Amino acid sequence: MCNPEEAALLRLEEVFSATLARVNSYVLQPLLPAAPEPSDPWGRECLRLLQQLHKSSQQLWEVTEESLHSLQERLRHPDSTSLESLLLLRGADRVLQAHIEYIESYTSCMVVQAFQKAAKRRRTGLGKIPISSPLTGCPVPLQHHPTQELVVNAVTLFGNLQSFMKQALDQAAATQALWHTLRGRPRDVLCTPAHRLLQDSQDVPVTVAPLRAERVLLFDDALVLLQGHNVHTFDLKLVWVDPGQDGCTFHLLTPEEEFSFCAKDSQGQAVWQWKVTQAVRQVLRGKKDFPVLGAGLEPSQPPACRCAEYTFRAEGRLCQATYEGEWCRARPHGKGTLKWPDGRNHVGNFCQGLEHGFGIRLLPQASEDRFDCYKCHWREGSMCGYGICEYSTDEVYKGYFQEGLRHGFGVLESGPQAPQPFRYTGHWERGQRSGYGIEEDGDRGERYIGMWQAGQRHGPGVVVTQAGVCYQGTFQADKTVGPGILLSEDDSLYEGTFTRDLTLMGKGKVTFPNGFTLEGSFGSGAGRGLHTQGVLDTAALPPDPSSTCKRQLGVGAFPVESRWQGVYRPFQDFVCAGCPRDLQEALLGFDVQSSRELRRSQDYLCCERTHPEDSVGSMEDILEELLQHREPKALQLYLRKALSNSLHPLGKLLRTLMLTFQATYAGVGANKHLQELAQEEVKQHARELWAAYRGLLRVALQRKGQALEEDEDTETRGLQVHGLVLPLMLPSFYSELFTLYLLLHEREDSFYSQGIASLSLFPDTQLLEFLDVQKHLWPLKDLTLTSNQRYSLVRDKCFLSATECLQKIMTTVDPREKLEVLERTYGEIEGTVSRVLGREYKLPMDDLLPLLIYVVSRARIQHLGAEIHLIRDMMDPNHTGGLYDFLLTALESCHEHIQKEDMRLHRLPGHWHSRKLW
């Protein structure tokens, strides 16, 4: 049996479908010209709108036909076809969308009077195009049916569609009427099919300050202020509504201006504020509300943070710049891109309209495809914190900034192909080199270590040249002033005055390696070389070679505590601030793939940096792990792991200290007269690293509401520094440091090597006899001899375990481990002697030294003198006077005796009494 409601709905659908077909046939089709497109812009725009309307009406007709077909099937076969098969129920959203697109196309044509203009061009009459919903007035069918929810939903949607349609037609009519009230430029600018008028100040009066507008128009996408022929348009995506203090005023914020809207009464203020607020919210959503505004619950406020693009027009640093990114209350805030017409651009973080946080700025240079690239941290619009800057000249700066200038520690290096290559590692102040710093001049082949001021060498300084010449003196405005000393590679010493290129000039004294002295006046002339007038003294004895080792430069001139404060201070500031994550990169530096090719491309702006949490976890995880490793063994493992990881704060600090050490003492700086300067610097770095660990521990405990125990006393701190930190960090500096020890003790190790070569010619028993080792201590029963072998021919077999043990001293860089190797060697010697004697035996010094010389000669350790002096300088002071000190003294004695002239083979007598040497 036919349902009357469904039959009524079927008739409505049939009428609506037939009407759409007639509109297409008799109205839209004739308006679409078969001839070429109109030549005028408005004609082309009207044609586009009509074509869009034709397309949307076709889609609506197709949906209606499909709906009509489903209704017919339902009426013909009510028993076999369920209500869910009706398109109006199962596809209500699809039907709704087709109606909305048709309404929007129709109202766009209506706003710009496209029908009238097209009809006038075609000279045809045009009736009213019907626009209605087929469900208008249709009763809700089938109460309490299982499909009731679908039916209710469909009726609700199409009921809302009717309200939406009415509002759309009202807005289109109001907008169409608006154009008749405007003349000249305002109409030409504003008359577009996209605009829909929401509110006019002629209907609800409002005044705007400080810009006094004659008329205010609120469209669905823009706010317009009219002043004569001037049209001020504000994109609603970049308008923020700020409620006022009284009931008649509210404020609008835009990227470059702020306005106060004042109505005659609170009702007018409420209308304008509500409509502007909801228009902003809708434009940010990208679609109109459905159901229409005012229906249902109170609509939400637009978000304070949003994304948009804007080009600044007001004079200032941002004039003509386009910003695209995140905004908050009319200011760039968050991540964004800022581009200027001249090619400058900035990508990074912003805060309240200023560059703040990490950002990359490209500054184009005159030459093609050349940029200065600043990859830095910013604060309130200026570079502040750590950054890497690559310049179009191929120079690279890595270091700290303050207020846009280099300030603090930094490294400036020329390009590899620069005509005058250089590298400066040190401190800066207000963009100039100032404080302690090292400059390597590749063109002159020299390195300057010392103080700077206003970009020039100023104060005490040391110059080291590739030729091995060293100078120490005072500089002023980049020139040497006053007396200084000059050390040549052959250990000649000059004390006096110089020229800038370290040529002897004026009064001075030269001390030659053989002890002769020359004192007088020195000078040089064109083509004459160096000339002097003075007194030559040949009566002096040759100086003790060990005295030349005491000629150490820079010690006392640059207090070790103040040399690298620019490296320590950012870490200290980070810890004092409580280790905040947002300051971690700015204060400790960031890790990034280094490639100069990247800055030639815009892809460089992506700058994928490696964040600490990528490999070692967040700062919170680091501090938590630190608390879990406070026991001695666990702490040692934790520090080893932290120092070996360049992304850990302690690891970052160590990497920077390594960089300064290499800049000072590697290459040209590898000079024996800088050894003491280097070794005290390594010790200071160990103290600072321990202080850095203690600082992190303090922060970790504070976050748990706990306090660090009382400050360590000097003895406890020294124990931790030498026993824990120094062994862990020493490998990072060992290569450069040990090279300086090699150079400083090259002469004595040369004699030592000759002595080793001479002693290696002896067979074991003959060497034991030569060293006057008592025969009852010889381990001959350990040897397996054939009947043809004689004791005098046995070689490299006696005390073999002690020899192999001592050789391990070269396999470690830790002074304590080297001393432990020496202790085990002593134990192996005593163990061998005890086994020979068949009882435990403690060797007296007279017996130990010859045996130790034997073991040392068989171990053949290269550069033993450098090893001994490094151990002595870097060993824990707490070991002074103990067993380690005694054994090291014994090893020093062996080294001295082996290098003596009478130990060499061609000087040896027939029988040598070793006790004479003791």
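Residues numbered from 1 in each chain as written. Predicted model: local features only at pLDDT ≥ 70, side-chain atom pairs only at ≥ 80, totals over all residues. Heavy atoms only, no water.

## With respect to the overall build of the chain
Within the chain, the secondary structure is distributed over 23 helices and 27 strands. Within the chain, contacts between residues at least 6 apart in sequence are counted, and of these 52% link residues at least 24 apart. Entry remark: accessible area of the chain is about 44100 Å², with carbon and sulfur atoms responsible for 50%. (Helix = DSSP H or I, 4+ residues; strand = E, 2+ residues; numbered from the N terminus. Contact = heavy atoms within 4.5 Å. Areas by Shrake-Rupley, 256 points an atom, 1.4 Å probe, with all protein chains shown as cover.)

## Quick notes on the packing of aromatic side chains
Within this structure, the stated rule accounts for 30 aromatic pairs. Aromatic rings pair up to connect Tyr397, Phe401, Tyr424, Trp428, Tyr448, Trp452, Tyr471 and Phe475 into one cluster. Sitting over the ring of Trp428, Arg406 keeps its end group 5.0 Å from the ring centre. Across from the ring centre of Trp452, 5.3 Å away, lies the NZ or CZ of Arg433, which sits over that ring. (Phe/Tyr/Trp six-rings, centres within 6.5 Å; stacked < 30°, edge-to-face > 60°. Lys NZ or Arg CZ within 6 Å of the ring centre and 35° of its normal.)

## Some words on the pairing of strand β14 (residues 371-379)
Among the 9 residues that make up β14, 8 are buried, leaving the element largely enclosed by the rest of the structure. Relative to β14, strand β13 (residues 354-364) runs antiparallel, the two sharing 8 bridges. When the bridges of β14 are listed, Phe358 appears paired with His377. Where β14 lies against strand β15 (residues 382-390), 6 bridges are found, and the strand directions are antiparallel. Bridge assignment links Tyr374 to a residue of β15, and that residue is Cys389. Linking two consecutive strands that pair antiparallel, namely β14 and β15, is a turn of 2 residues; a positive phi of about 50° is found at Glu380 within it. (Buried < 20%, exposed > 50% of the residue type's maximum accessible area, 1.4 Å probe, protein only. Pairing = 2+ DSSP bridges.)

## Here's the deal with the side chain of Asp220
Relative to the assigned elements, Asp220 resides in the loop between β3 (215-219) and β4 (222-227). Asp220 gets classed as buried once you look at its relative accessible area, which sits at 15%. When neighbours within four sequence positions are excluded, Asp220 is seen to be in contact with Ala194, His195, Arg196, Leu198, Leu236, Ala279, Val283 and Lys288.

## Points about the environment of Gln267
Summarising the element assignment, Gln267 is placed in helix α8 (residues 266-285). For Gln267 and Gly247, which are 20 residues apart along the polypeptide, the C-alpha to C-alpha distance reads 8.6 Å.

## Describing the side chain of Glu736
If you trace the backbone, Glu736 turns up in helix α16 (residues 714-744). Buried charged residue Glu736 carries no salt bridge. Nearest counter-charge: Arg447, at 9.2 Å. In contact with Glu736, not counting residues within four places along its chain, are Phe661, Gln662 and Ala666. (Lys, Arg positive; Asp, Glu negative; His and termini not counted. Salt bridge = Lys/Arg side-chain N within 4 Å of Asp/Glu carboxyl O.)

## Examining the sheet that holds strand β2 (residues 206-209)
Taken in spatial order, the 4 strands of this open sheet run β2-β8-β7-β6, and their pairing is antiparallel. The open sheet has two edge strands, β2 and β6 (240-243), and neither has a second partner. The mean inter-strand angle of the sheet, taken between neighbouring strand axes irrespective of direction, is 25°. Here 4 bridges tie β6 to strand β7 (residues 249-253), and the two strands are oriented antiparallel to one another. (Axes fitted to C-alpha atoms, helices over the stretch in contact; angles between N-to-C directions.)

## Some points on the confidence of the model for the chain
Residues with a pLDDT of 70 or more make up 83% of the chain, whose mean pLDDT is 83. Contacts from residues 136-144, a stretch scored under 50 in pLDDT, to residues over four places away or in other chains number 14 contacts. The low-confidence segment residues 593-607 (pLDDT under 50) makes 30 contacts with residues lying over four places distant or belonging to another chain. (pLDDT = per-residue confidence, 0-100.)

## Considerations on the pattern of salt bridges
If you walk through the whole model with that rule in mind, you get 28 salt bridges. Where Asp394 meets Arg370, a salt bridge forms, and the shortest distance between an N and an O atom there is 3.4 Å. Taken together, the positions of Asp394 in the loop between β15 and β16 (396-402) and Arg370 in the loop between β13 and β14 put the pair 24 residues apart, joining distant regions of the chain. When the shortest N-O distance is used, the salt bridge between Glu413 and Arg423 registers 3.0 Å. Taken as a pair, Glu413 in strand β17 (residues 405-413) and Arg423 in strand β18 (residues 422-429) lie far apart in primary sequence, 10 residues in all.

## Here's the deal with unusual backbone geometry
Across the junction of Ala209 and Pro210, the peptide omega takes the value 5°, indicating a cis bond. The backbone phi angle of Gln352 is positive, close to 50°, even though this residue is not glycine. Position of Gln352 among the secondary structure elements: in the loop between β12 (345-351) and β13. You can call Gln352 partly exposed: its relative accessible area is 47%. Residue Asp772 is not a glycine yet carries a positive backbone phi of 65°. Within the secondary structure layout, Asp772 lies in the loop between α18 (764-770) and α19 (800-807). Among the residues examined, Asp772 registers a relative accessible area of 22% and is labelled partly exposed.

## Side note on helix α12 (residues 619-627)
Every buried residue belonging to α12 is among Met619, Ile622, Leu623 and Leu626, and all of these are buried. Viewed end-on, α12 has its buried residues packed into an arc of 95°, placing them on one side of the element. (Arc of directions from axis to C-beta.)

## Some thoughts on a nonpolar patch on the surface
The grouping of Met845, Leu883 and Phe886 at the surface amounts to a nonpolar patch, some 240 Å² of accessible area in total. Along the polypeptide, Phe886 turns up in helix α23 (residues 883-898). (Patch = residues over 30% accessible without salt bridge, like charges linked within 9 Å, V, L, I, M, F, W, Y side chains within 5 Å.)

## Quick look at the packing of helix α21 (residues 845-859) against α23
Where α21 meets α23, the axes come as close as 9 Å, and the angle between the chain directions of the two elements is 65°. The handedness of the crossing between α21 and α23 comes out as right-handed. Contact residues: α21 offers Met845, Leu848, Leu849, Leu852, Ile853 and Val856, while α23 offers Phe886, Ala890, Leu891, Ser893, Cys894, His897 and Ile898. Each residue belonging to the contact of α21 with α23 can be placed in one class, and the counts come to 11 nonpolar, 2 polar and no charged. (Left-handed = near helix turned anticlockwise from the far one by under 90°. Nonpolar A, V, L, I, M, F, W, Y, C, P; charged D, E, K, R; others polar.)

## Observations concerning the packing of α12 against helix α15 (residues 675-703)
In contact at an axis separation of 9 Å, α12 and α15 are set at 100° when each is read in the N-to-C sense. By the angle between their axes, α12 is roughly perpendicular relative to α15. For the pair α12 and α15, contact is made by Met619, Glu620, Leu623, Leu626 and Leu627 and by Tyr693, Leu696, Leu697, Val699, Ala700, Leu701 and Arg703, respectively. Considering only residue class, the contact of α12 with α15 consists of 10 nonpolar, no polar and 2 charged. (Parallel < 35°, antiparallel > 145°, perpendicular 65-115°, else oblique.)

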